Amino acid sequence: MARELYELGEMPPLGEVPRRMYAGVIRRERYGPPERSMQVETVEVPEVGRGQVLIMVMAAGINYNGVWAGLGTPADVIADRQRAGDPHDFHIAGSEGAGVVWAVGEGVKQLRVGDHVIVGGVAWDESAPDIRLGVDPTASRSQRAWGYELNFGSFAQFTVADEYQCHRKPPHLTWEEAGCFLGGGSTSYRMLTGWYPNTVRPGDPVLVWGGAGGLGSMAIQLTRYFGGIPVAVVSDDDKFDYCKRLGAQGVINRNNFDHWGRLPDPDDSVAYREWLSGVREFGRACWDALGERRSPSIVLEHPGRATLPTSVYVCDRAGMVVTCAGTSGYDGTIDLRFLWMFQKRLQGSHAANVRQTAAVIDLVAGGHVDPCLSLTLPFTDIGRAHQIVYEGKQPPGNVAVLVNSPEPGLRDIP
Ligand code: NAP
């Protein structure tokens, strides 16, 4: 008979599913900064549905979804799910991770117990009417962020994912390397390649905000891989070398400028002129970093409120500002004149489809893109790990927690 609970790092016999598991649990009464909101508790192991697999999570990547879920804003994910009929009064975040398939549900065809997988952070209903009509699954009405809109993400000994979310783990990666890069990697892959005709081409300058962050580290490398010329923006000169090692042509310190935030009222001519002078100076800094007077064909946006007006201004004619987030605030403002007169494109982008996710894993597997793991913490530090990311105090690159992997550096089950 299966044991009730295994300690973290302890391995049950392959395929034996205990009744309970350790998890980083968010509860509504604890909503707030991550160190308070996310606590290690034991909960029941989730059941596997049709087309799904149960995965023993070995390591998981830290990203903002866990921060947002724990803050309870911009969405109260627990209340939203309960309104839709979900009985659980807690949330387990975690939108990326790597582990071992521990049980397979009915209808699963490609995976077996014991397979080593990396899990992509977005799920949908493959039989949804819009998908059957050809809509990209990430834009389907049925699409949900795993570990955010969907419960039972990767911050637990076991997680449940749909079969198509799972990709073979490149054997040379450690669990924590495999678990840390897919969120930023697949999202930036879609942002750079998914929006024809504004896809990155050889010689294209690309401006990457947060070049030393998870998304930015991947975007710099992918831009270079496709022959583009990345220019990175960071908040500290100490991050310059890191971005250049990844392939940035030049790096800009955003703290040398102070025109950030919402656009001033265009009727306030003094404030508007001041903003325009700041944004022009930033545009010149982009040219200097690139080494030539060319504006970025693609601007990879995610800070939102602080940077969107600047992104739209500095983007090249007929270029694209592509955004996947609003880290500094989701109320971004723009001066539409720059958009229509120069026929620029403002494009939303979210997560990645199966093809794009597989493509970025292949690039990592082939050694073309580094997962950029910079910090690995034990599972008991799950709240602290998110707090570090929330406060922007992580070292450049991606942060992971070991979940059931007993020590860093392992590539297989011990
Ligand atoms: P991260 O590793 O924390 O990096 C974010 C970077 O943004 C930081 O390194 C910081 O760099 C920069 N930044 C922070 N505040 C800024 C500001 N006010 N102005 C300019 N830059 C600022 O996070 P990440 O994993 O890269 O994710 C970035 C955002 O994308 C998050 O909001 C995340 O939720 C979102 N995201 C969305 C999707 C999606 O599918 N929609 C997928 C992945 C990530 P400096 O301080 O050095 O400038």
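Residues numbered from 1 in each chain as written. Predicted model: local features only at pLDDT ≥ 70, side-chain atom pairs only at ≥ 80, totals over all residues. Heavy atoms only, no water.

Q: An account of the overall build of the protein is needed here, citing residue identities and associated values.
A: Helix and strand counts for the protein stand at 13 helices and 18 strands. The C-alpha radius of gyration of the protein comes to 21 Å, within 12% of the 22 Å expected for a compact globule of 414 residues. Here the C-alpha coordinates of the protein stretch approximately 75 × 45 × 45 Å along the principal axes. Counting the 414 residues in the protein, one finds 57% classified as buried. Summed over all atoms, the accessible surface of the protein reaches about 17600 Å², with 49% contributed by carbon and sulfur. Once the 39 positive and 48 negative side-chain charges of the protein are each reduced to a mean point, those two points are 5 Å apart. (Helix = DSSP H or I, 4+ residues; strand = E, 2+ residues; numbered from the N terminus. Rg over C-alpha atoms; globule rule 2.2 N^0.38 Å. Buried < 20%, exposed > 50% of the residue type's maximum accessible area, 1.4 Å probe, protein only. Areas by Shrake-Rupley, 256 points an atom, 1.4 Å probe, with all protein chains shown as cover. Lys, Arg positive; Asp, Glu negative; His and termini not counted. Charge placed at Lys NZ, Arg CZ, Asp CG, Glu CD.)

Q: Kindly report on the packing of aromatic side chains, identifying the contributing residues and their values.
A: Inspection of every chain in the model, using the stated rule, returns 14 aromatic pairs. Ring geometry for Tyr-225 against Phe-226: centres 5.2 Å apart, planes inclined by 85°, an arrangement best described as edge-to-face. Ring geometry for Phe-257 and Trp-260: centres 6.4 Å apart, planes at 70°, overall edge-to-face. Residue Trp-260 is classed as partly exposed on the basis of its relative accessible area of 23%. Among the aromatic residues, ring-to-ring pairing joins Trp-209, Phe-257, Trp-260 and Phe-282 into one connected group. (Phe/Tyr/Trp six-rings, centres within 6.5 Å; stacked < 30°, edge-to-face > 60°.)

Q: Break down the environment of Ala-145 for me, with residues and values.
A: With respect to the secondary-structure elements, Ala-145 resides in strand S8 (residues 144-145). Spatially, the C-alpha atoms of Ala-145 and Gly-121 are 6.0 Å apart, while their sequence positions differ by 24 residues.

Q: Which residues make up helix H9 (residues 269-290), and what are the values?
A: Between its first and last C-alpha, H9 extends 31 Å over 22 residues, near the 32 Å set by a 1.5 Å rise per residue. Packed against the buried residues of H9 are strand S11 (205-208), strand S12 (229-234), strand S13 (250-253), helix H10 (308-314) and helix H11 (336-341). After H9 finishes, the residue Gly-291 shows a positive phi value of roughly 90°. (Expected span 1.5 Å × (residues − 1). Contact = heavy atoms within 4.5 Å.)

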